[in-house]
Amino acid sequence: MSATKQILALNRFEADNAAGLDPELAERIGRRQATFGASSVLFYEQPIEMVRGEGVFLYDVHGTRYLDVYNNVPSVGHCHPRVVEAIARQAAALNTNTRYLVRIVETYAERLLATFPAPLSNLVMTCTGSESNDLALRIAESVTNARGFIVTRSAYHGNTAAVTHISPSSFKSQKLAPHVRAVPAPDPLEAPKGDIATLFAAQIKAAIDDLRASGHGFAGFIADTIFSSDGIFADPPGFLQKAAAVVRAEGGLFIADEVQPGFGRTGGGLWGFSRHAIVPDIVTLGKPMGNGFPMGGVITRPDYLAAFCAETGYFNTFGGNPVAAAAGLAVLDVIADENLIANAAQTGALLKDGLTALKSDFPQIGDIRGAGLFIGLDFTTPDATPDPATASAVINAMKQHGILIGAAGLYGHTLKIRPPLCFAPNNAEFFLETLRGILKAMG
Ligand code: PMP
């Protein structure tokens, strides 16, 4: 069986491989490591110095253009002029802490909340997905008076102390905390007769029983509703309903982490949870919310937020600042005005069809999964073993051909195809042709 991979190890530059690097690049990397030390993480066997972004493209210091098939932060496109203009205009007018009435902030909150189903009608603004999930855990603990959480085995939910406990894909020597249980990713290939909904719900139920038996109680289940770091599991739509029903029946909260699927990526509405026709108890937002401006949010029921605020209350100096609100409003406008959800569905389908066609010519391609502009493609050996070495070789070869892409999954053998939502059909065609050429050359 293949070794499991920690999330930060995926497509990572290793200092041991620095021999033979261009001296100028080696010098730049040296400066980075001297300042950021052991925490420095760079992509690629040969890291890239980026200077500019525009739409679906990034440009490096030498003027080389890369098609970005990795990034879900600038999800409406790198440096989108409307978002840039909104940020600049608001920054020139007012930016302050969040304890004043500022119209653009209330306007944003109303616009955003209008996209959520009842009873999700309160918003707390934060600066990152990690802060959002940290607060979600605290709200769930207050509401349930319990501490036990369930996550998927390769989940990533962020970087605070509490959130790292529910992010097993971050662990190196760290082990699962006593109050956390991890269930396998919802992979239909692992389920008898493909009924992943029943299997996944049963695994969650067993984990709840185990948490109870160990005295932690059950506070909630948190899921990235497209299971990005687990390897991207989107189908069949609705499979999370049984899981949500078990969580509710057992008195826990269903927390939907929309940092990855949110803001239109799955091509079926703004939110990944709607693909499953469920209404979560708490929704957490992050990265694509500000298209690069750091902002996040927690959406929940007023009674749940009140239960938490009765205990502690919450203040976040930068969460919900006026510039963030301006960025957030511009993002919502661009998604609507440029029909980006429909584009995610259509261009995503084109990509998936093209990848499926490639699979018949290249046996190293295993399962292909996803929704909208978030697709996972597994590389496997002839005996169906995960093949992270091929994934890594493809990722580095794609870079040589001007395409940026990453890996995902427990073993790092899944190509994570996640471009900005303005990815056009001709970008998808270029991607598919390049992948075909690379796989052909690899023999
Ligand atoms: N949740 C998910 C699903 C994520 O992918 C991430 C970041 N990759 C986070 C939460 C944390 O977001 P941030 O890095 O903004 O804190």
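Residues numbered from 1 in each chain as written. Predicted model: local features only at pLDDT ≥ 70, side-chain atom pairs only at ≥ 80, totals over all residues. Heavy atoms only, no water.

1. Some words on the domain arrangement of the protein
Line of reasoning, step 1. According to the domain assignment, the protein contains domain 1 (7-76 + 339-442) and domain 2 (81-337).
Line of reasoning, step 2. Using C-alpha coordinates to define each centre, domain 1 is positioned 25 Å away from domain 2.
Line of reasoning, step 3. Residue-level contacts link 32 residues of domain 1 with 37 residues of domain 2.
Line of reasoning, step 4. Taking both partners together, domain 1 and domain 2 bury about 2500 Å²; carbon and sulfur atoms supply 59% of that area.
Line of reasoning, step 5. Area buried by domain 1 at its contact with domain 2 is led by Ile7, Ile341 and Phe374, which between them contribute 24% of it. (Domains from an automatic or database assignment. Contact = heavy atoms within 4.5 Å. Buried area = accessible area lost by both parts, 1.4 Å probe.)

2. Looking at the packing of aromatic side chains
Line of reasoning, step 1. In total, this model carries ten aromatic pairs according to the counting rule given.
Line of reasoning, step 2. On the basis of an interplanar angle of 20° and a centroid distance of 4.6 Å, the ring pair of Phe116 and Trp271 is categorised as stacked. You can see Phe116 sitting in the loop between helix 3 (103-113) and strand 4 (122-126) and its partner Trp271 sitting in the loop between strand 8 (253-257) and strand 9 (282-285), a full 155 residues away along the chain.
Line of reasoning, step 3. When its relative accessible area of 8% is taken as the criterion, Phe116 is described as buried.
Line of reasoning, step 4. What makes Trp271 buried here is its relative accessible area of 3%.
Line of reasoning, step 5. Following the ring pairs from residue to residue traces out a cluster consisting of Phe200, Phe221, Phe227, Phe239 and Phe254.
Line of reasoning, step 6. The side chain of Arg32 reaches across the aromatic face of Phe36, ending 5.2 Å from its centre.
Line of reasoning, step 7. Sitting over the face of the ring of Phe57, Arg65 holds its NZ or CZ atom 3.8 Å from the ring centroid. (Phe/Tyr/Trp six-rings, centres within 6.5 Å; stacked < 30°, edge-to-face > 60°. Helix = DSSP H or I, 4+ residues; strand = E, 2+ residues; numbered from the N terminus. Buried < 20%, exposed > 50% of the residue type's maximum accessible area, 1.4 Å probe, protein only. Lys NZ or Arg CZ within 6 Å of the ring centre and 35° of its normal.)

3. Some remarks on the nonpolar core
Proteins that are soluble and globular tend to have nonpolar side chains buried together.
Line of reasoning, step 1. Membership of the largest hydrophobic core comes to 98 residues, with the highest contact counts inside it found for Tyr108, Leu112, Ile204, Phe263, Leu355 and Phe431.
Line of reasoning, step 2. A per-element tally of this core places helix 9 (residues 322-337) first, with ten residues.
Line of reasoning, step 3. The two domains that each donate at least three residues to this core are domain 1 (7-76 + 339-442) and domain 2 (81-337).
Line of reasoning, step 4. One finds Val124, Leu135, Leu137 and Val180 within the second-largest nonpolar core, a separate group that totals 23 residues. (Core = buried A, V, L, I, M, F, W, Y, C linked by side-chain atoms within 4.5 Å.)

4. Considering the sheet that holds strand 15 (residues 414-417)
Line of reasoning, step 1. Pairing in this open sheet of four strands is antiparallel, and the strands run 11-12-15-14 from one edge to the other. Across the chains shown, the open sheet's two edge strands, defined by having one partner strand only, are strand 11 (365-371) and strand 14 (406-408). For this sheet, the mean angle separating the axes of adjacent strands, direction not counted, is 30°.
Line of reasoning, step 2. For strand 14 and strand 15, the ladder comprises three bridges, and the chain directions are antiparallel. By the bridge assignment for strand 15, Ala407 is matched with Leu415.
Line of reasoning, step 3. Against the sheet, helix 10 (residues 340-359) makes contact with strand 11, strand 12 (374-379) and strand 15, and its axis sits at roughly 170° relative to strand 11, the strand it touches most. (Pairing = 2+ DSSP bridges. Axes fitted to C-alpha atoms, helices over the stretch in contact; angles between N-to-C directions.)

5. Some points on the sheet that holds strand 3 (residues 65-68)
The pairing of strands in a sheet happens through backbone hydrogen bonds and is either parallel or antiparallel.
Line of reasoning, step 1. An order of 1-2-3-13 is seen for the four strands of this open sheet, with the pairing classed as mixed. The open sheet has two edge strands, strand 1 (50-54) and strand 13 (403-404), and neither has a second partner.

6. Some words on the pairing of strand 10 (residues 296-300)
Line of reasoning, step 1. Within strand 10, five of the five residues are buried, which leaves it mostly tucked inside the rest of the structure.
Line of reasoning, step 2. Here strand 4 runs beside strand 10; their pairing, made up of five bridges, is antiparallel. The residue of strand 10 that forms the bridge with Thr126 is Gly296.
Line of reasoning, step 3. Direction of pairing for strand 9 relative to strand 10: antiparallel, over a ladder of four bridges.

7. Observations concerning unusual backbone geometry
Line of reasoning, step 1. For the peptide bond that leads from Ala118 to Pro119, omega is 5°, which places it in the cis range.
Line of reasoning, step 2. One can find Pro119 in the loop between helix 3 and strand 4.
Line of reasoning, step 3. Residue Pro236 follows Asp235 across a cis peptide bond; omega there is -5°.
Line of reasoning, step 4. Topologically, Pro236 is positioned in the loop between strand 7 (220-224) and helix 7 (240-249).
Line of reasoning, step 5. Non-glycine residue Asn291 carries a positive phi angle of around 50°.
Line of reasoning, step 6. Relative to the elements of secondary structure, Asn291 occurs in the loop between strand 9 and strand 10.

8. With respect to the site of the ligand
Line of reasoning, step 1. As a matter of local geometry, the ligand sits amid Thr128, Gly129, Ser130, Asn133, Tyr156, His157, Gly158, Asp224, Asp257, Val259, Gln260 and Lys287.
Line of reasoning, step 2. Asp257 has a polar side-chain atom sitting 2.6 Å from a nitrogen atom of the ligand.
Line of reasoning, step 3. In the model, a nitrogen atom of the ligand is placed 2.7 Å from a nitrogen or oxygen of the Lys287 side chain.
Line of reasoning, step 4. Here the ligand has 390 Å² of accessible area as a free molecule, and 83% of this is covered by the chains.
Line of reasoning, step 5. Element by element, the count of residues in the shell around the ligand is highest for helix 4 (residues 129-144), at three residues.
Line of reasoning, step 6. Taken together, the residues that form the shell around the ligand break down as two nonpolar, seven polar and three charged. (Near = heavy atom within 4 Å. Polar contact = N/O pair within 3.5 Å; in protein donor to acceptor, adjacent residues only side chain to side chain. Areas by Shrake-Rupley, 256 points an atom, 1.4 Å probe, with all protein chains shown as cover. Nonpolar A, V, L, I, M, F, W, Y, C, P; charged D, E, K, R; others polar.)

9. Focus: the pattern of salt bridges
Line of reasoning, step 1. For the coordinates displayed, the defined rule picks out 16 salt bridges.
Line of reasoning, step 2. For the salt bridge of Asp235 with Arg275, the shortest nitrogen-to-oxygen distance reads 2.2 Å. Separated by 40 residues along the polypeptide, Asp235 in the loop between strand 7 and helix 7 and Arg275 in the loop between strand 8 and strand 9 bring together distant segments of the chain.
Line of reasoning, step 3. When its relative accessible area of 28% is taken as the criterion, Asp235 is described as partly exposed.
Line of reasoning, step 4. When the shortest N-O distance is used, the salt bridge between Asp378 and Arg369 registers 2.9 Å. For the pair Asp378 and Arg369, one class covers both residues: buried.
Line of reasoning, step 5. When salt bridges that share partners are traced, they join Lys205, Asp209, Arg212 and Glu250 into one network. (Salt bridge = Lys/Arg side-chain N within 4 Å of Asp/Glu carboxyl O.)

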